[in-house]
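# A closer look at the structure
Here is what each chain is made of, one letter per residue.
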Amino acid sequence: MVQRVSTGSPFEATFGYSRAVRHEDTVYVSGTTGYDYATMTMPESVGEQARNALATIDKALKEAGSSIQDTVRVVYYVGDRADVDAVVAAVGPVFKDIRPAASMLIVQMIEQGMKIEIEVTARIGAATSHA
């Protein structure tokens, strides 16, 4: 079984990708930026962008039958090394008990206002094994 999840981002159609793809009990979430879909804006703060990205990711995971608590792998792409502490402050509370495998890279973003992109892999039912 393959299920594709879309958030309606214009990048999904332009680039030709899904926000998330579920294959059996694994959900792969594409790199997600901090765009705020409620206000249709990109916040200035990297911390707010990280929180928005995680909310978008959790919504996509839930649509695929999972949740952020099932995350087994997370990759952070940060646009500026000076933002690392703010990113950690934003994502740490979410993942402190989940403790997925993680990587963080300093990269050049594709758009000027983007400061972070986050991608995750989740396994449905992994949350019950975190305890």
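Below: a short report on this structure. Model, not experiment: these values are computed from the prediction. (Residues numbered from 1 in each chain as written. Predicted model: local features only at pLDDT ≥ 70, side-chain atom pairs only at ≥ 80, totals over all residues. Heavy atoms only, no water.)

### With respect to the overall build of the protein
The helix and strand tally for the protein stands at 3 helices and 6 strands. At 14 Å, the protein has a C-alpha radius of gyration in line with the 14 Å of a compact globule built from 131 residues. Going through the 131 residues of the protein one by one, you find that 40% of them count as buried. As displayed, the protein offers around 7100 Å² of accessible surface, 52% of which is attributable to carbon and sulfur atoms. Here the protein holds 12 positive side-chain charges and 16 negative ones, and the gap between their average locations is 4 Å. (Helix = DSSP H or I, 4+ residues; strand = E, 2+ residues; numbered from the N terminus. Rg over C-alpha atoms; globule rule 2.2 N^0.38 Å. Buried < 20%, exposed > 50% of the residue type's maximum accessible area, 1.4 Å probe, protein only. Areas by Shrake-Rupley, 256 points an atom, 1.4 Å probe, with all protein chains shown as cover. Lys, Arg positive; Asp, Glu negative; His and termini not counted. Charge placed at Lys NZ, Arg CZ, Asp CG, Glu CD.)

### A few points about helix α2 (residues 46–63)
For α2, with 18 residues, the first-to-last C-alpha span of 26 Å sits near the 26 Å given by 1.5 Å per residue. Of the positions making up α2, those classed as buried are Val46, Gly47, Gln49, Ala50, Asn52, Ala53, Leu54, Thr56, Ile57, Asp58, Ala60 and Leu61. Where α2 is buried, its residues touch β1 (2–5), β2 (20–23), β3 (26–33), β4 (71–78), α3 (84–95) and β6 (116–123). (Expected span 1.5 Å × (residues − 1). Contact = heavy atoms within 4.5 Å.)

### Comments concerning the nonpolar core
In this structure, Ile57, Leu61, Tyr76, Val91, Phe95, Ile116 and Ile118 are the most contacted members of the largest nonpolar core, which totals 25 residues. Within the residue set of this core, elements represented by two or more residues are β3, α2, β4, α3 and β6. Setting aside residues up to four positions removed in sequence, Phe95 forms contacts with Leu54, Ile68, Thr71, Val74, Tyr76 and Pro100. (Core = buried A, V, L, I, M, F, W, Y, C linked by side-chain atoms within 4.5 Å.)

### Overview of the sheet that holds β3
Spatially, β1-β2-β3-β6-β4-β5 is the arrangement adopted by the 6 strands of the open sheet, whose pairing is mixed. Where the open sheet ends on each side, the last strands, each with one partner, are β1 and β5 (101–106). For this sheet the average axis-to-axis angle between neighbouring strands, irrespective of direction, equals 10 degrees. Here 4 bridges tie β2 to β3, and the two strands are oriented antiparallel to one another. Counterpart to Arg22 in the pairing with β3 is Val27. Docked against the sheet, α2 engages β1, β2, β3, β4 and β6, running at close to 30 degrees with respect to β6. Along the sheet, α3 contacts β4, β5 and β6; its crossing angle with β4, the most-contacted strand, is approximately 165 degrees. (Pairing = 2+ DSSP bridges. Axes fitted to C-alpha atoms, helices over the stretch in contact; angles between N-to-C directions.)

### Points about the pattern of salt bridges
Counted by the stated rule, this structure contains 6 salt bridges. Among the ionic pairs, Arg123 bridges to Asp25, the shortest N-O distance being 2.8 Å. Note that Arg123 is positioned in strand β6 and Asp25 in the loop between β2 and β3, a separation of 98 residues in sequence. (Salt bridge = Lys/Arg side-chain N within 4 Å of Asp/Glu carboxyl O.)

### A closer look at the packing of aromatic side chains
We describe a pair of aromatic rings using the distance from one ring centre to the other and the angle between the two ring planes. Across all of its chains, the model carries 3 aromatic pairs by this definition. Arranged with centres 6.4 Å apart and planes meeting at 85 degrees, the rings of Phe15 and Tyr17 form a pair that is edge-to-face. Given the relative accessible area of 52%, Phe15 is considered exposed. Here Tyr35 and Tyr37 contribute two aromatic rings whose centre-to-centre distance is 5.1 Å and whose plane-to-plane angle is 70 degrees, an arrangement assigned as edge-to-face. Note on Tyr35: relative accessible area 25%, which makes it partly exposed. Exposure remark for Tyr37: the relative accessible area of 29% places this residue in the partly exposed category. Through pairs of rings, three or more aromatic residues link up here, namely Phe11, Phe15 and Tyr17. (Phe/Tyr/Trp six-rings, centres within 6.5 Å; stacked < 30°, edge-to-face > 60°.)

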